[in-house]
Amino acid sequence: MASGRGLHRGKLDTALKPRGSEVTQYNQACAKSLELSKVIRLLEDPLTANLKERHLFELKKLLKRSQIGFLLKDLTGITKIFNVCAEKAEDHPEYVPMLREAIKICSLPFLKEKTSDELTYAQDVIDFLSHMGCLMRVSDAKVRQQIVECVKSFYDIVAPKQLLDGLQPTSPGYRLQLLERSDLAQTMLLSMAALENQQSIKLELLHTLLILSSYSDMNCASMLKARGAEMMFLHMNEPDPSGQILFCSSGILWNLLERGNKEEVAAQLSMECVISLKEAFINKLTNASRHSDLELRNDLLVITTLIADNPNSFLIESLFAKQLVALATFPELQNQDHLVRNLKLKFTSEDFQMKELLLNLLVLMSKDSAALQLFKDAQVMEYLLILIRPPSASSECSGSRHWSSVQQEELLLQGLATLATIARLMLDDFMFFRGNASLLLLLGWCLTQDEDTTKTKKSGKDRTFGQGHSFHSTGGRGSKKAHMRHCIRVLRSVTSLGEESVYQDLSDQGLISQLLDILMQMKASPDEEDIIDVEIKTNIQLILSTLCESDMHRKELFGSEGVEMTVHFLKKGSDKFYSGLGHNKLILTTVDSVRSCIIGCHTTEDYFLAKEGVFLLLDLLNSSPRCVHCIVLATLLELCDNPNTLPHILSWRDGSGQTAPGLLLQLWIEEEKETKVSRTRHGTIADPQRPILTLKQQEDAQLSFPANGQNAAVLEISEGLRAKIYFIFCKLGFQNLPGLSTKHHVTLCIVRNYQVFKAGEIWDEIIRELRLEGVRPISPDQEALNTICKISEDTARRVMAEQNSILEQRDKEELGEEELMYSEITCQRELTAKAWDRYVSKTSNYETMKEVKAQREKHIQSKPEDAAGRLNEHFIERVMYEETTDAAGPAGIKVTLARTAINSAGQDCMRPAGLDPE
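Reading the values: rules and limits
- Residues numbered from 1 in each chain as written.
- Predicted model: local features only at pLDDT ≥ 70, side-chain atom pairs only at ≥ 80, totals over all residues.
- Heavy atoms only, no water.
- Helix = DSSP H or I, 4+ residues; strand = E, 2+ residues; numbered from the N terminus.
- Buried < 20%, exposed > 50% of the residue type's maximum accessible area, 1.4 Å probe, protein only.
- Contact = heavy atoms within 4.5 Å.
- Areas by Shrake-Rupley, 256 points an atom, 1.4 Å probe, with all protein chains shown as cover.
- Core = buried A, V, L, I, M, F, W, Y, C linked by side-chain atoms within 4.5 Å.
- Expected span 1.5 Å × (residues − 1).
- Phe/Tyr/Trp six-rings, centres within 6.5 Å; stacked < 30°, edge-to-face > 60°.
- Disulfide = S-S within 2.5 Å.
- Salt bridge = Lys/Arg side-chain N within 4 Å of Asp/Glu carboxyl O.
- Patch = residues over 30% accessible without salt bridge, like charges linked within 9 Å, V, L, I, M, F, W, Y side chains within 5 Å.
- Lys, Arg positive; Asp, Glu negative; His and termini not counted.
- Charge placed at Lys NZ, Arg CZ, Asp CG, Glu CD.
- pLDDT = per-residue confidence, 0-100.
- Axes fitted to C-alpha atoms, helices over the stretch in contact; angles between N-to-C directions.
- Parallel < 35°, antiparallel > 145°, perpendicular 65-115°, else oblique.
- Left-handed = near helix turned anticlockwise from the far one by under 90°.
- Polar contact = N/O pair within 3.5 Å; in protein donor to acceptor, adjacent residues only side chain to side chain.

J.: Sorry, what's going on with the overall build of the protein here?
T.: Of the regular secondary structure elements, the protein holds 46 helices and four strands. Taken across its 918 residues, the protein has 46% of its residues classed as buried. Taking contacts inside the protein between residues at least 6 apart in sequence as the whole, the part at least 24 apart equals 76%. When the accessible surface of the protein is split by element, carbon and sulfur atoms take 53% of a total near 48,200 Å².

Here it is in structure tokens:
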């Protein structure tokens, strides 16, 4: 028994005994944890707090064991050791080397024993990184230097040292993800105040902050909490021969403005910040000699651009805006401002980039009305009009332009984009400097073919238009399409203000014919239509609609050529409505041009009708989405004032034969389904008290509308389709309309009384408003209101009776058709029965058979002999009856054959009238 028990125990011990490597790892981990807790207790225990030599000995031994990195589970203890050593280092410099060595180990990846350790000890890592930033309070320069280098190493891929079995480094992005959730960036930013006398470390810290802000939005948010933007502005002009302080500060500011919360940045902006930025920019503008200085100057201009987007940027108050505007117009305009008086541009790529940034700044600053006065004083409008002059050989020979041809083109395009925003804000200056003439001159240059460019290339001159690579030249490679696109945009911006003087000036200079020429050229172009082409056509139609809407003479100038172009666009239909190229806008502007440029002038109207324009509008109404129906119906309604329009509408048919009245009534039915008007399944009025009320109006019944606003019933007239359909039917009439079904006639009863229903609906809303406001009308008024509402309800009941009568008439007609069909079926059955009886009598009644035989012989005798011979000679036999007997083989089958005569090719195939089929 004993021996057996001992054997069993020995097997168990062998099975449970861990391997040697696992024991070593376990013992090392336990020893390390015990040693760490021992060191912490030694440092914190009041009885051993002064044993400095013992502390240093234990710390050296601990750090020697941790040369491969710190375990995640030990970071809480390491944090305590950091804090104690930082406190003791102020009075005992011997702790400083220990602190530096420990921080150096932190640059290595943290170690984990299990995969789940990353999640388990995540909060410990966050606290550890936050406390590491707090170590910047240690005054020792080498400790601070080590901390900065350690944080920078987080963004470098550091290969871990040779690890013990069972230990793994954390994933590469693990420490950076937790760094974002810590306060490390904020505490390091705040530590700048303690580095006034340590310039080299301050530069390293700025580089580190630049890295932190470049890779993380959360780090930028953390730095903004410590008022990082304000700090960077106020420290960017500190004395620094290397220029690195300004470089790093501008980079950090750029990151904070782009990645951080703009409201927080705006809250930190002050007059001192903008003045500091202005001083830095002017210093680089006037003293820049190296390429890096020019790039830094442009970076400061980008920061200024980001600030200018804020309405409270202090750019105007600090006089920075005035200097920027003067610089923007240089060298095209001579300015007496001291900033540009002795300034000389080298026309390098950096100078060109500065020029583009300044133009962009003009657009941003124009949002502030106070900046417009600066623009007037600096003659910005004149500068922009000089900038958009068409390129020519004379401009290159003169001293006004020193940019390359590509740069000139890009400046021209950006000048047009800037003018599109500023011209409408400074319309007086635009008209004073003859802006319309400049635009039309450029537009005429865009209309010319590229032959001049080809000739110039052959002559060896460097003038290549359509070769720009900027954002504004998108889609215009190798052509003048980008110039035309932006020029049309400026014209649209100017004409959108409703100034009659602008309209008259443009019309007098021939803009209408010029725009029609552009459309004609684009129509004849073999190139495939793209998004820029569609945008140009859309904007041209908007400009033409604006010019011609209120002036008969301009509609006459639009003329037959304009009608031809409008018909051309209408024929395209709505197939590409959802193509994404902008055809939806093109369709809407085309219909609007019919209303504004054609309707109202008898000449253009008649020509439009002759070109089947009404048919095209009805085709568009039939095939287009619901969002287009309102404007098409409004256009058709205005066109109905011409008496020649009505025959065109009544004669229209679609591919399925549907008529225009049927289409309009179908749109009415769909509109009521969309707005959820109460109707029965047959389309009749369901509630006589609310015959045409929509669901939205019913939901708004308990709301009170302001006195100066329109109520829901009136809004439905302008925004819905039913009022327009009703007025079109008023032009067409309600009788003898072609192509209507019973359902259409039922709907037509409602359409005919729409005006009465709408009046009752409006008065009902008035009564409801009075009730909601607690107003009681006097007795006569109350009586009148009740009478009006009763008229609407009585009309609705009369319409319901009429609709029911139509339905009953339809049922009667259907019943009559059924009875007629039944009688035909009955008659056919009777004829079939008689034929069958006759057939049976011929085969079963001997007297009948004799009579039939006699008739047949008489008929045969009346025919020629040769025909009778052929009739007997040509026949086929077919099996009529088959019977099986008990005999074996073929003898057991009894077959009855029938013979059928075959007519010859020349013989008449029709049977004689008196010949029986048998």
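What follows continues from the structure just given.
J.: How should the nonpolar core be read in this particular structure?
T.: Taken as a class, soluble globular proteins show a tendency for nonpolar side chains to be buried jointly. Residues Ile81, Leu362, Phe375, Leu419, Leu443 and Ile488 are the most contacted members of the largest nonpolar core, which totals 223 residues. At nine residues, helix H20 (residues 349–365) tops the list of elements feeding residues into this core. Residues contacting Leu419, with those up to four places away along its chain left out, are Met381, Leu384, Leu385, Ile388, Phe430, Leu439 and Val490.

J.: Help me out: how do you make sense of helix H16 (residues 271–287) in this one?
T.: An α-helical turn contains 3.6 residues, so any two residues separated by three or four positions project in the same direction. Taking 1.5 Å per residue as the helical rise, H16 with its 17 residues ought to reach 24 Å, and the 24 Å between its terminal C-alpha atoms agrees with that figure. Among all positions in H16, only Cys273, Val274, Ser276, Leu277, Lys278, Ala280, Phe281, Lys284 and Leu285 are buried.

J.: Would you take a moment to explain the packing of aromatic side chains for this structure?
T.: Each aromatic ring pair is specified by the distance between its two centres and by the angle formed by the two planes. Within the structure shown, the criterion is met by 13 aromatic pairs. Look at Phe110 and Phe128: their rings are 5.7 Å apart centre to centre, the planes differ by 80°, and that puts the pair in the edge-to-face class. Of this pair, Phe110 sits in the loop between helix H5 (95–105) and strand E1 (111–112) while Phe128 sits in helix H7 (residues 122–134), and the two are 18 residues apart along the sequence. Comparing Phe110 with Phe128 shows no difference in burial state: the two are buried. Both rings, one in Phe352 and one in Trp403, keep their centres 5.8 Å apart while their planes meet at 65°; by these two values the pair is edge-to-face. In this pair, Phe352 sits in helix H20 while Trp403 sits in the loop between helix H23 (393–397) and helix H24 (405–422), placing the two residues 51 residues apart along the sequence. Residues Phe352 and Trp403 agree in their burial class; the two are buried. Aromatic ring contacts, followed pair by pair, group Trp668, Tyr726, Phe727 and Tyr754 into a single cluster.

J.: Mind showing me how you'd approach the state of the cysteines here?
T.: A covalent bond bridging the sulfur atoms of two cysteines is what the word disulfide describes. Under the criterion given, the structure shown has zero disulfides. You can see Cys446 has no disulfide; the closest cysteine sulfur is in Cys487, sitting 5.8 Å from it.

J.: Can you help me understand the environment of Asn261 in this one?
T.: Structurally, the position occupied by Asn261 is in the loop between helix H14 (244–259) and helix H15 (262–268). Placed 37 residues apart in sequence, Asn261 and Leu224 show a C-alpha to C-alpha distance of 8.2 Å.

J.: Got a minute to help me understand the pattern of salt bridges in this structure?
T.: Where charged atoms from two side chains of opposite charge approach closely, those side chains can pair. Following the criterion strictly, the structure yields 39 salt bridges and no others. Residues Glu113 and Lys73 are paired through a salt bridge, measuring 3.4 Å at the closest nitrogen-oxygen approach. In this pair, Glu113 sits in the loop between E1 and helix H6 (117–120) while Lys73 sits in the loop between helix H3 (52–65) and helix H4 (75–89), placing the two residues 40 residues apart along the sequence. For Lys73, a relative accessible area of 31% translates into the label partly exposed. Ionic pairing is found between Lys355 and Glu332, a salt bridge with its closest N-O pair at 2.9 Å. Taken together, the residues span a long stretch of sequence, with Lys355 in helix H20 and Glu332 in the loop between helix H18 (320–328) and helix H19 (338–341) at a distance of 23 residues. One continuous salt-bridge network, built from bridges that share partners, spans Glu672, Arg679, Glu716, Arg722, Lys758 and Glu761.

J.: Just to check I follow, could you spell out a nonpolar patch on the surface for this structure?
T.: Taken together, the side chains of Trp836, Tyr839 and Val840 define a hydrophobic patch exposed on the protein surface, amounting to about 300 Å² of accessible area. Within the element layout of this structure, Tyr839 appears in helix H44 (residues 779–844).

J.: Would you explain the environment of Ala226 in this entry?
T.: With respect to the secondary-structure elements, Ala226 resides in the loop between helix H12 (217–225) and helix H13 (228–235). By relative accessible area, Ala226 is classed as buried at 11%. Linking Ala226 and Leu190, residues 36 residues apart in sequence, is a C-alpha distance of 6.9 Å.

J.: Looking at this structure, I do not really get H4. What am I missing?
T.: The end-to-end C-alpha distance of H4, which contains 15 residues, comes to 20 Å, matching closely the 21 Å that a straight helix rising 1.5 Å per residue would cover. Across the 15 residues that make up H4, a large majority, twelve, are buried. Three or more residues of H4 are buried, namely Leu75, Gly77, Ile78, Thr79, Ile81, Phe82, Asn83, Val84, Cys85, Ala86, Lys88 and Ala89.

J.: Quick question: what am I supposed to make of unusual backbone geometry here?
T.: Glycine aside, negative phi is the norm for most residues, and most peptide bonds take the trans geometry. For the peptide bond that leads from Phe330 to Pro331, omega is 5°, which places it in the cis range. The phi dihedral of Gln379 falls on the positive side, at around 55°, and the residue is not glycine. Relative to the elements of secondary structure, Gln379 occurs in the loop between helix H21 (369–377) and helix H22 (380–387). On the basis of relative accessibility, which here comes to 39%, the residue Gln379 falls in the partly exposed class.

J.: Looking at this structure, how should I read a negative patch on the surface?
T.: Residues Glu813, Glu817, Glu818 and Glu819 make up a contiguous surface patch of negative charge. One can find Glu819 in helix H44.

J.: Please explain the side chain of Ser313 as it appears in this structure.
T.: With respect to the helices and strands, the residue Ser313 is situated in the loop between helix H17 (291–308) and H18. Under the relative-accessibility criterion, Ser313 is labelled buried at 7%.

J.: Sorry if this is basic, but what is going on with the confidence of the model for the protein here?
T.: If pLDDT is low for a region, its predicted coordinates should not be looked at in detail. For the protein, the average pLDDT comes to 83, and 84% of its residues sit at 70 or higher. Considering only residues more than four positions removed or in separate chains, one finds that residues 1–31, a stretch of pLDDT under 50, has five contacts. Low pLDDT, under 50, characterises residues 450–464; the stretch is placed with 21 contacts to residues that sit more than four places away or in other chains.

J.: It is not clear to me how the packing of helix H38 (residues 660–674) against helix H41 (residues 722–732) should be interpreted in this structure. Could you clarify?
T.: Pairs of packed helices are described in terms of their axes, by the angle between the two and the distance that separates them. In contact at an axis separation of 10 Å, H38 and H41 are set at 155° when each is read in the N-to-C sense. When the axes of H38 and H41 are compared, the pair comes out roughly antiparallel. Two packed elements cross with a definite hand, and for H38 against H41 that hand is left-handed. In this structure, H38 contributes Pro661, Leu664, Leu665, Leu667, Trp668, Glu671 and Glu672 to the contact, and H41 contributes Arg722, Ile725, Tyr726, Ile728, Phe729 and Leu732.

J.: Sorry if this is basic, but what is going on with the side chain of Lys355 here?
T.: Residue Lys355 is classed as buried on the basis of its relative accessible area of 2%. For Lys355, the side chain forms a polar contact with the main-chain oxygen of Ala328, separated by 2.9 Å. Each residue touching Lys355, except ones within four places of it in the same chain, is listed here: Ala328, Thr329, Phe330, Pro331, Glu332, Tyr383, Trp403 and Leu411.

J.: What is the right way to look at the environment of Asp337 in this model?
T.: Mapped onto the elements, Asp337 comes out in the loop between H18 and H19. Of the residues examined, Asp337 reaches a relative accessible area of 12% and is grouped as buried. Residues Asp337 and Lys322, 15 residues apart in the sequence, show an inter-C-alpha distance of 9.2 Å.

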